[in-house]
Structures are given as C-alpha cells and as structure tokens.
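# Geometric and topological summary
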Amino acid sequence: VQLQASGGGLVQAGGSLRLSCAASTRTFSSVNMAWFRQAQGREREFVPAISRYGSSTFYADSVRGRFTISRDNAKKTMYLQMNSLKSEDTAVYYCAADILRPLTISSSPREYDYWGQGTQVTVSS
C-alpha cells in the first residue's frame, strides 16, 4: 500500500485547509484509515480515524467539531477538512492505513501499517 498525502500549506488562524490522501491499493475499501500529526519536538498525535466504508469516525478531542474526516472509496482517497484552524494545529500531517484490523478503528499509531510521507500545515497567528 502506498499513500500520498497532499494539500498542506500556510494559512492564517481561523482559516481552512483540505488535506487529501491518495492510496494505491486495490483493496482501499477494506482498510481503516486515519490522520496523525507531529509538531516539531513532539510525539506523533492522533487526529481522526475512519472505518473502511466511512460509516464510523473517531476524533481527537482537540479537533472535534473543527475537523471532518471522509473518504471516497471509488477514488481511493481520504480527506481531512480542517476549519477554524489554530496555531496549535501546526504540524506535519500523515495519513495511515490499518490493513490488519478491519473491524475496529484505532487511535494508536502502533496499529497502523502503512504511512504516507506527510504534508506540512502551518497556521500563523
């Protein structure tokens, strides 16, 4: 599985960005997906996750109500709509795929098997 994240950039506080994660696998609809982020000097942090068919989602408290995760299985792409961005959202954002546990979605980076290369999001205050 190869994942390609895109859509990052520089935005002012209060603004919006939409991240995309394109997957190469034929079995994208069988894979639970998630976004993580890592700010400089900090550990990788869970953002949201989405089940293989998109019926279930799970958000970190820090982004709930501001971010929306979604996926289009026909396009083999996952999205992260980020609104009301704050300076503390500044980080490299990674998409990740969990191919071994199709029945549950996880917030632990240890349970994700494949990772994209990351896209930088910078929010200026």
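Residues numbered from 1 in each chain as written. Predicted model: local features only at pLDDT ≥ 70, side-chain atom pairs only at ≥ 80, totals over all residues. Heavy atoms only, no water.

## Quick notes on the environment of Gly7
Applicable threshold: The helix count covers DSSP runs of H or I at least four residues long, the strand count covers runs of E at least two residues long, and both are numbered beginning at the N terminus. Only protein chains enter the accessibility calculation, which uses a 1.4 Å probe; a residue is then buried when its area is under 20% of its type maximum, exposed when over 50%, and partly exposed in between. Pairs of residues are marked as contacts when any of their non-hydrogen atoms sit within 4.5 Å.
Structurally, Gly7 is set in the loop between strand 1 (3-6) and strand 2 (9-12). Given a relative accessible area of 33%, Gly7 falls into the partly exposed group. Between the C-alpha atoms of Gly7 and Ile50, which are 43 residues apart in sequence, the distance is 19 Å. Apart from residues lying up to four places away in sequence, Gly7 is in contact with Leu17, Arg18, Leu19 and Thr119.

## Comments concerning the sheet that holds strand 3 (residues 17-23)
Selection criterion: Two strands qualify as a pair provided DSSP detects at least 2 bridges between them. Whenever a helix is involved, its axis is fitted only over the stretch in contact; in every case the axis is a line through C-alpha atoms, and angles between N-to-C directions fall within 0 to 180 degrees.
Ordered in space as 1-3-8-7, the four strands form an open sheet in which the pairing is antiparallel. Since the sheet does not close on itself, it has two edges, and those belong to strand 1 and strand 7 (67-72), each with one partner. Averaged over all adjacent pairs, the angle separating strand axes in this sheet is 15°, with direction ignored.

## Describing the nonpolar core
What counts is decided by this rule: Nonpolar cores were defined as sets of buried Ala, Val, Leu, Ile, Met, Phe, Trp, Tyr and Cys residues, with membership established by side-chain atoms within 4.5 Å.
In this structure, Met33, Trp35, Phe67, Met78, Leu80, Met82 and Tyr93 are the most contacted members of the largest nonpolar core, which totals 34 residues. Listing elements by their share of this core, those giving two or more residues are strand 1, strand 3, strand 4 (32-38), strand 5 (45-50), strand 7, strand 8 (77-82), strand 9 (91-98) and strand 11 (119-124). Broken down by element, the residue count for this core peaks at five residues, all from strand 9. Those residues within four positions of Leu80 in sequence are excluded, and the remaining contacts are Leu17, Arg18, Leu19, Trp35, Val47, Pro48, Phe67, Thr68, Ile69 and Tyr93.

## Overview of the packing of aromatic side chains
Definition in use: What counts as a ring pair is set by centres within 6.5 Å for rings of Phe, Tyr and Trp (its six-membered ring), and what kind of pair is set by the plane angle: stacked under 30 degrees, edge-to-face over 60, tilted for all other angles.
All told, the structure shown has five aromatic pairs when counted by the stated rule. With 5.7 Å between their ring centres and 70° between their planes, Phe36 and Phe46 make a pair best called edge-to-face. Pair noted here: Phe36 is in strand 4 and Phe46 is in strand 5, with a separation of ten residues, a long-range link. Consider the rings of Tyr112 and Trp115, whose centres lie 6.5 Å apart with planes at 65°: the pair is edge-to-face. According to the relative accessible area criterion, Tyr112 is buried, its value standing at 5%.

## Comments concerning the pairing of strand 9
A large share of strand 9 lies buried, amounting to seven of its eight residues. One ladder, built from seven bridges, connects strand 4 with strand 9; its direction is antiparallel. Note that in strand 9 the partner of Phe36 across the bridge is Tyr94. Across three bridges, the pairing between strand 9 and strand 11 is antiparallel. Paired with Ala91 across the bridge in strand 11 is Val121. Judged from the two bridges that link them, strand 9 and strand 10 (residues 114-115) form a sheet pairing that is antiparallel. Each bridged residue has a counterpart across the sheet, and for Ala97 the counterpart in strand 10 is Tyr114.

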